[in-house]
Amino acid sequence: MAIELSEDDDGLDSLDGVSKSKNPSVQIYYANRAFCHIKMENFGSALVDATKAIEAKEDFPKGWYRRGTAQMALGRPKEALRDFMQLCKLAPNDKDARDKLKQCQKQVNAEKFAKAIGCEKTKPISETVNVEQMPVDASYTGPVYVSGACTSDFCQQLMEHQRKELVIAKKFAYQIVLDMIEMLKTSSTLVDIEVPDMGEVTVCGDVHGQFYDLLNIFSLNGIPSEQNPYLFNGDFVDRGSFSVEVILTLFAWKLAYPNHLHLARGNHETRNMNKLYGFEGEVTKKYDEDLYQLFCEAFCLLPLCHVINQQVFVVHGGLFSKDDVSLESIRKVNRDCEPPDEGLMTEMLWSDPQPGRGRAPSKRGVGVAFGQDVTENFLKVNNLKMVIRSHEMKEEGYEIEHDGKLVTVFSAPNYCDQMGNKGAFIRLDGKTMTPKYKSFAHVPHPNVRPMQYANPMLGQLMGMARELFLRAFVGGWVQIGGVASLMTRIASVIRNTAASAYIAIFASNPSVVNLDNAVKKIMESDLIQRPNGNPITPKTIYHWLTGRETIAYLSLKNMNRLKKSYSMAKFACVKNEGQGLRDRPAFVAMDDGTGAPVPLTAQRLSVFLLALA
């Protein structure tokens, strides 16, 4: 059951067990549920909950703090500024509040300045930069790029050079991006790909700056060529700290094989995301601001989607907020811009599938969540066979949904060095367009942490540098791949005293999840150890799994109630840990909207369990 984002959601009022009277602390529940949504990057859901916290108690500082955080993460600094200004009025002596206000003001002022100095006559960097005057250091021994003559040999030399953590000369990096811009100007919003009957094409999902895993894809599946075409489905950059290496490699292969290496834009090929998640910082660190501006020009020219053999629609995010969208209407979308707040372009970059049917607001705050009937309508209207999209991490690197008519592919294994997932790619034969899935594990990379170049404000807002996110697929606490694997993951978290682990649990079958069984399995695994060497007891594990003290009306002082199963269709944090604005919520509350405990089944399960190291 998905989190309900409707305006009349008042289910949290019953968390104290009194459903007929207004819960006087409901603002805490909403603000802390917003905190959990922020940790899982569900910024749309966070925005809704933070707003409800403010509506419940207008002078509650954490409501304004959470909403400002969500606004910043959604790339809305003006809206965030208003929230942080109100926050500072309510908490004038809070240093963290003042810091957030200053950082937000700085970003808003920078955007105002950029707009003030720009005008319709301002030429893009691609028309003003003089590459010929860029010197190449005499000591440079790397690959030499010849404009208009990119070859497979050069691409392989480039990959090897970058594999050694060496950067290509600035002049050549500029030339690659400039040539890419000129090539993309001749492209279109929707690109048709033809694969001969005896041929195949490989579709890859998000790479996210994981250069060494990209090299592994080519090692497993062969380098691009006329006989081995590829389609990379967006999100080449951000998060991973080798994004420059990834995008220069892909651009070079595109220049070498323009009709056999295809690139689609993802939601991270945008200025707002690059400013927060690292690509802007990485380019300016390794090269300079002008090269970053060139990349932005190129990103705006990338196609938004592809159709393979008139049968398979490939798009980064997903489908639309209205039915009967035709391929012809997609072809008419102007792609040469930053994504607007809404519309076909934004939905192609941001939308996600959901179980069941119909549509719902996106938990991300952008795009839409769409069901199987939406997918079926789109395929029927356009006489297509299936949809391939990316945009979401999957445990095996791919996931088949909507009765086989939609597939998600994600090609960044062990995402951000934390998730433990596999990557995957899909091979389609030209004759039948039958997908073949290949999962693969991550490979080692140099000791440069993910998010190395991310905006410092992002880390302060969401704690991404220190937080560890685990996703376990659980039914009766039996994980796909074995209980031992799940326990090993939990053990690694508990041993890491610097990390807070947010375990997002989703059931894989209708079995009732029983907390006692979970504790028993953890005890039997004998894998978890306290850093101080003290013994692990069932009560210790109860504390970890339930947030140390209480899950809503479930009390550790009343252990017999903990032995029951409860619905988690609604959830929220119910108590603060400390007084600071950034303090973690201590517990997670669960409720079915009525205040009555009911069995926890897979259909109703959608919740965070908070385990504090």
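The protein is annotated in an unreviewed UniProt entry as protein-serine/threonine phosphatase of Durusdinium trenchii. One UniProt comment on the protein, placed under Cofactor (unreviewed entry), says "Mn(2+)". We quote the UniProt Sequence similarities (unreviewed entry) comment for the protein here in full: "Belongs to the PPP phosphatase family. PP-5 (PP-T) subfamily."

K.L.:
For this particular structure, what's the right way to read the overall build of the protein?
P.N.:
Within the protein, the secondary structure is distributed over 21 helices and 22 strands. For the protein, with 613 residues in total, the buried portion stands at 58%. The contacts in the protein between residues at least 6 apart in sequence include a share of 71% that link residues at least 24 apart. Carbon and sulfur atoms form 50% of the exposed surface of the protein, whose accessible area is close to 25500 Å².

K.L.:
Quick question: what am I supposed to make of the packing of helix H10 (residues 243-256) against helix H13 (residues 289-301) here?
P.N.:
Each pair of packed helices can be described by the angle between their axes along with the distance between the axes. Two elements in contact, H10 and H13, have axes whose closest approach is 13 Å; the angle formed by their N-to-C orientations is 55°. Between H10 and H13, the crossing angle belongs to the class labelled oblique. Crossing geometry of H10 relative to H13 is assigned as left-handed. Side by side, H10 and H13 meet where Ile247, Leu248 and Phe251 of the first sit next to Phe295, Ala298 and Phe299 of the second. Split into classes, the residues belonging to the contact of H10 with H13 amount to six nonpolar, no polar and no charged.

K.L.:
Explanation requested: the UniProt feature "repeat: TPR" (unreviewed entry) in the protein in the structure shown.
P.N.:
Here the UniProt-annotated "repeat: TPR" (unreviewed entry) positions come out as residues 61-94. Counting secondary structure, residues 61-94 comes out at 79% helix and 0% strand; the distance between its end C-alpha atoms is 10 Å.

K.L.:
I keep staring at the confidence of the model for the protein and nothing clicks. Help me out?
P.N.:
Caution is warranted with low-pLDDT regions, since their predicted coordinates should not be read in detail. For the protein, per-residue confidence averages 77 on the pLDDT scale, and 69% of positions sit at 70 or higher. Low pLDDT, under 50, characterises residues 462-515; the stretch is placed with 153 contacts to residues that sit more than four places away or in other chains.

K.L.:
So what exactly am I meant to see when it comes to the pattern of salt bridges here?
P.N.:
A pair can form between side chains of opposite charge whenever their charged atoms are brought close. With the rule as written, the count across this model stands at 26 salt bridges. For Glu376, the salt bridge is made with Lys405, and the minimal N-O distance between the two is 4.0 Å. A residue pair is termed long-range when its members are at least 10 positions apart, and Glu376 in helix H16 (residues 372-382) and Lys405 in the loop between strand E11 (398-401) and strand E12 (406-409) qualify at 29 residues. You can call Glu376 partly exposed: its relative accessible area is 25%. For Glu399, the salt bridge identified is with Lys394, shortest N-O distance 3.3 Å. By relative accessible area, which is 9% here, Lys394 ends up buried. Among the charged side chains, a salt-bridge network with shared partners connects Asp352, Arg364, Arg389, Glu392, Lys394 and Glu399.

K.L.:
What is the right way to look at H10 in this model?
P.N.:
Quick reminder: α-helices carry 3.6 residues per turn. Residues three or four places apart thus point the same way. The first and last C-alpha atoms of H10 sit 20 Å apart over 14 residues, in line with the 20 Å expected at 1.5 Å per residue. Taking burial as the measure, the 14 residues of H10 include 14 buried ones, the bulk of the element.

K.L.:
Explanation requested: the packing of helix H2 (residues 43-56) against helix H3 (residues 61-73) in the structure shown.
P.N.:
At a closest axis distance of 8 Å, the pairing of H2 and H3 adopts a crossing angle of 155°. By the angle between their axes, H2 is roughly antiparallel relative to H3. Judged by the twist between their axes, the crossing of H2 over H3 is left-handed. Here Phe43, Ala46, Leu47, Ala50, Thr51, Ala53 and Ile54 of H2 lie close against H3, whose contacting residues are Gly63, Trp64, Arg66, Arg67, Ala70, Gln71 and Ala73. By residue class, the composition of the contact of H2 with H3 is nine nonpolar, three polar and two charged.

K.L.:
Teacher, can you tell me more about helix H7 (residues 152-163) here?
P.N.:
Counted at 1.5 Å a residue, the expected span for H7 with its twelve residues is 16 Å, and the 16 Å between its end C-alpha atoms agrees. Taken residue by residue, H7 has Ser152, Phe154, Cys155, Leu158, Met159, His161 and Gln162 as its buried positions. In this structure, the buried side of H7 is in contact with helix H8 (170-184), helix H9 (211-221) and H10. At the C-terminal side of H7, Glu165 shows a positive phi close to 65°.

K.L.:
Explain empty space enclosed by the protein here, please?
P.N.:
Any empty space left between atoms is shown by rolling a water-sized probe over those atoms. Under the defined criterion, the tally for this structure stands at seven cavities of 30 Å³ or more. Each pocket or cavity is described by its volume, and for the second largest cavity that value is around 150 Å³. The wall of the second largest cavity is formed by 19 residues, among which Gln210, Asp213, Phe242, Asp417 and His445 lie closest to the centre. Classifying every residue of the lining of the second largest cavity by side-chain character gives eight nonpolar, seven polar and four charged.

K.L.:
So what exactly am I meant to see when it comes to the layout of surface pockets here?
P.N.:
Considered as a void within the structure, the second largest pocket measures approximately 460 Å³ in volume. Ala114, Thr122, Pro124, Arg271 and Gln293 are the residues nearest the centre of the second largest pocket, which is lined by ten residues in total. Looking at the lining of the second largest pocket, the elements that each hand over two or more residues are helix H5 (95-117) and H13. For the lining of the second largest pocket, the element with the highest residue contribution is H13, accounting for three residues. Counted by class, the lining of the second largest pocket contains four nonpolar, two polar and four charged residues.

K.L.:
Just checking my understanding: could you explain the pairing of strand E14 (residues 435-440) for this structure?
P.N.:
As paired strands, strand E13 (residues 423-429) and E14 are joined by six bridges and run antiparallel to one another. Its bridge partner being in E14, Gly423 is matched across the sheet by Phe440.

K.L.:
For this particular structure, what's the right way to read the sheet that holds strand E4 (residues 261-263)?
P.N.:
Backbone-to-backbone hydrogen bonds join strands into a sheet, with any given pair of strands oriented parallel or antiparallel. Spatially, E4-E3-E2-E13-E14 is the arrangement adopted by the five strands of the open sheet, whose pairing is mixed. Taken across any chain shown, the strands that pair with only one partner, and hence form the sheet edges, are E4 and E14. The average angle at which neighbouring strand axes cross in this sheet is 20°, direction not considered. By the bridge criterion, five bridges tie strand E2 (residues 200-204) to E13 in an arrangement that is antiparallel. Pairing of Val201 across the sheet is with Leu428, part of E13. Strand contacts of H9: E2, strand E3 (230-232), E13 and E14, with the helix running at about 155° to E3, the strand carrying the most contacts.

K.L.:
Looking at this model, I keep getting lost on the pairing of strand E10 (residues 386-389). Mind explaining?
P.N.:
Along any regular strand the residues' side chains alternate between the sheet's two faces. The alternating pattern of E10 places Met386 and Ile388 on one face and Val387 and Arg389 on the opposite face, and all of these are buried. When strand E6 (residues 312-315) meets E10, the two strands line up parallel, connected through three bridges. Across the sheet, Val314 pairs through a bridge with Ile388, a residue of E10. By the bridge criterion, three bridges tie E10 to E12 in an arrangement that is parallel. Bridge pairing links Arg389 to Thr408 in E12.

Calculation criteria
What you see as residue numbers is a count from 1 along each chain, following the sequence as written. Residues qualify for local features only when their pLDDT is at least 70, as the model is predicted, and side-chain atom pairs are given and counted only at 80 or more; totals for whole chains, interfaces and linings, by contrast, use all residues. Hydrogens and waters are ignored; side-chain quantities use all the structure's heavy atoms. UniProt positions are given in the numbering used here, feature names are shortened, and annotations may be inferred rather than shown by experiment. Counting from the N terminus, the helices are the DSSP runs of H or I reaching at least four residues and the strands are the DSSP runs of E reaching at least two. Categorising residues by exposure relies on relative accessible area from a 1.4 Å probe, with only protein chains included: less than 20% of the type maximum marks a residue as buried, more than 50% marks it as exposed, and the intermediate range marks it as partly exposed. Residue contacts are defined here by distance: any two heavy atoms, one from each residue, within 4.5 Å place the two residues in contact. Residue exposure ignores everything except the shown protein chains as possible cover, and the areas themselves are Shrake-Rupley values with a 1.4 Å probe. Between N-to-C directions, angles span 0 to 180 degrees; the directions come from axes that are lines fitted to C-alpha atoms, helices contributing only their stretch in contact. Small angles under 35 degrees read as roughly parallel and large ones over 145 as roughly antiparallel, with 65 to 115 read as roughly perpendicular and the rest as oblique. In this scheme the crossing of two helices becomes right-handed for a clockwise turn of the near helix relative to the far one and left-handed for an anticlockwise turn of less than a right angle. Gly is put with the polar residues, along with every residue not named as nonpolar or charged; the nonpolar set is Ala, Val, Leu, Ile, Met, Phe, Trp, Tyr, Cys and Pro, and the charged set is Asp, Glu, Lys and Arg. The score called pLDDT rates the predictor's confidence residue by residue, from a low of 0 to a high of 100. One speaks of a salt bridge when a side-chain nitrogen belonging to Lys or Arg is within 4 Å of a carboxyl oxygen belonging to Asp or Glu. Multiplying 1.5 Å by the helix residue count minus one yields the expected span of that helix. Space inside and on the surface of the protein is sampled on a 1 Å grid over the protein atoms alone, with a cavity defined as a set of points where a 1.4 Å probe fits but cannot get out and a pocket as an open set with protein on both sides within 12 Å along at least 5 of 7 lines; lining residues have an atom within 4 Å of a point. Grid points are joined across faces, edges and corners, and a volume is the space filled by probe spheres set on the points. The criterion for strand pairing is that DSSP finds at least two bridges linking the strands in question.

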